[in-house]
Protein chains: 2
Amino acid sequence: MQIKELAQKTGLTEKTIRYYESVGLLPPPRRLPNGYRDYDESDVERVRFVAGARRLGFAIDDVQEILALRDRREAPCRVVLELLIQKADEVQQRIAELKRLEEELRRLHALGQTFPTDDVDGKNCVCHLISTEVTKPAP
Amino acid sequence: MQIKELAQKTGLTEKTIRYYESVGLLPPPRRLPNGYRDYDESDVERVRFVAGARRLGFAIDDVQEILALRDRREAPCRVVLELLIQKADEVQQRIAELKRLEEELRRLHALGQTFPTDDVDGKNCVCHLISTEVTKPAP
DNA sequence: TATAAACCTTACTCTGGCTGAAAGGTCAAG
DNA sequence: CTTGACCTTTCAGCCAGAGTAAGGTTTATA
């Protein structure tokens, strides 16, 4: 199978697959006589694994580590389990940050709605709103 | 005032201030006879505005646009208000995505806990868990 | 007066995770 | 014989800075 089919089967782009190969995430594949990359079902599985891990937010280095363990026939499961919980905690933190941010954005918008919006120099300009409301030192 | 004081007053690093200048977000400042950058209070205000907008998640291009409007003495308020709500919606979407992701991570972790973690080849390996659980085609 | 320290300058490279462009090779159909 | 769909390589660029090098200037202290 050529690279396009692999891309279609895994949901990645051809570029991304070549990129993964270039950083060592995927081994150099067989080549057809004309130099084209030639993949099989086991490649599909590996690429799917990589794509899945990336979708879960794992960095390429993490995926490398897991794959290296797997390739050495060591059980990466414990490592993966730890990474899973660690990643989940990170995501949780990020969610909390974004919630604060969203609240702040809506608050500013509501505040901006309450006064005329064509006052460039006055205190009521939304621009000043950003510079004076947002940049207060944190409590 | 030199760049360090400006940095302290705005909470940015000196590097970041120079970077903002290099991308046109801040105008080239006056220079002291020795070539050092020389800022005043209006620069503090502008940098604070930029920093505030960045903290709200606006891209540098957005900030450019807003500042350009302001510099042309047009009222950017309506634009800013629109951007605020647009950004808030984006953040809301991102939060939803991350929530799904966190749930998925915790689900996988719980699932991984329920069986032995040293089974490299069997179906019970967490690695297979990633490749077979996560990469299912979206329903 | 020497020198150390604290400040400043420009210019370059590096990050992560790709994506795009350029310039070309290969192969089947019409 | 040409068109078009594939494929190949390599280089450059994106964001938003951070890090480092190699130097110039000013101030405080010994």
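Bear in mind that the values here come from a model prediction, so they are computed numbers and not experimental data.

## Some thoughts on the overall build of chain A
- When its secondary structure is counted, chain A shows six helices and two strands.
- For chain A, the N- to C-terminal ordering of α and β elements is α-α-β-β-α-α-α-α.
- Burial analysis of chain A (139 residues in total) assigns 28% to the buried set.
- Considering only contacts within chain A whose residues lie at least 6 apart along the sequence, 44% involve residues at least 24 apart.

## Structural notes on the protein's contact with DNA strand D
- Around DNA strand D, a shell composed of 16 residues is seen, among which Q2, K4 and R37 of chain A together with N34 and I60 of chain B lie nearest.
- Counting residues per element, the surface near DNA strand D draws most heavily on helix α2 (residues 14-22) of chain B, which supplies three residues.
- In the surface near DNA strand D, the residues fall into five nonpolar, five polar and six charged.

## Side note on the protein's contact with DNA strand C
- Every one of the 16 residues lining DNA strand C counts as a neighbour, but N34 and I60 of chain A together with Q2, K4 and R37 of chain B are closest to it.
- Elements represented by at least two residues in the surface near DNA strand C include exactly α2 (14-22) of chain A together with α1 (3-10) and α2 of chain B.
- Looking at the surface near DNA strand C element by element, the count peaks at three residues for α2 of chain A.
- Of the residues belonging to the surface near DNA strand C, the class tally is five nonpolar, five polar and six charged.

## Here's the deal with the nonpolar core
- Formed by 23 residues in total, the largest nonpolar core has its most connected members in L105 of chain A together with I17, V47, V50, A53, V63 and L84 of chain B.
- Residue assignment for this core shows that the elements contributing at least two residues are α5 (77-113) of chain A together with α1, α3 (41-55), α4 (60-71) and α5 (77-113) of chain B.
- Residue contributions to this core reach at least three from each of two domains, namely domain 1 (3-57) and domain 2 (81-134) of chain B.
- Beyond its immediate chain neighbours, meaning those up to four positions away, V50 of chain B contacts Y20, L25 and V63 of chain B.
- Counting 21 residues, the second-largest nonpolar core is a separate cluster that includes Y39, V47, L56 and V80 of chain A.

## A closer look at the packing of α1 of chain B against α3 of chain B
Residues and elements named next belong to chain B.
- The geometry of α1 relative to α3 is characterised by a closest axis approach of 9 Å and an angle of 50° between their N-to-C directions. Between α1 and α3, the crossing angle belongs to the class labelled oblique. Read as a crossing pair, α1 and α3 show a hand that is right-handed. Two secondary-structure elements touch here, α1 through L6, K9 and T10 and α3 through D43, V44, V47, R48 and A51.
- A per-class count over the contact of α1 with α3 returns four nonpolar, one polar and three charged.

## Concerning the confidence of the model for chain A
- Residue-level pLDDT values for chain A average 83, and 78% of them are 70 or greater.
- Highest mean pLDDT in chain A belongs to strand β2 (residues 37-38) of chain A (98); lowest belongs to helix α6 (residues 126-134) of chain A (56).

## A look at the environment of G112 of chain A
- Checked against the element boundaries, G112 of chain A lands in helix α5.
- Between the alpha carbons of G112 of chain A and L26 of chain A there is a distance of 51 Å; along the sequence they are 86 residues apart.

What counts and how
- Residues numbered from 1 in each chain as written.
- Chains lettered and ligands numbered in written order.
- Predicted model: local features only at pLDDT ≥ 70, side-chain atom pairs only at ≥ 80, totals over all residues.
- Helix = DSSP H or I, 4+ residues; strand = E, 2+ residues; numbered from the N terminus.
- Buried ≥ 20, exposed ≤ 12 C-beta atoms within 10 Å, placed from the backbone.
- Contact = placed C-beta atoms within 7 Å.
- Near = placed C-beta within 6 Å.
- Nonpolar A, V, L, I, M, F, W, Y, C, P; charged D, E, K, R; others polar.
- Core = buried A, V, L, I, M, F, W, Y, C linked by C-beta atoms within 7 Å.
- Domains from an automatic or database assignment.
- Axes fitted to C-alpha atoms, helices over the stretch in contact; angles between N-to-C directions.
- Parallel < 35°, antiparallel > 145°, perpendicular 65-115°, else oblique.
- Left-handed = near helix turned anticlockwise from the far one by under 90°.
- pLDDT = per-residue confidence, 0-100.

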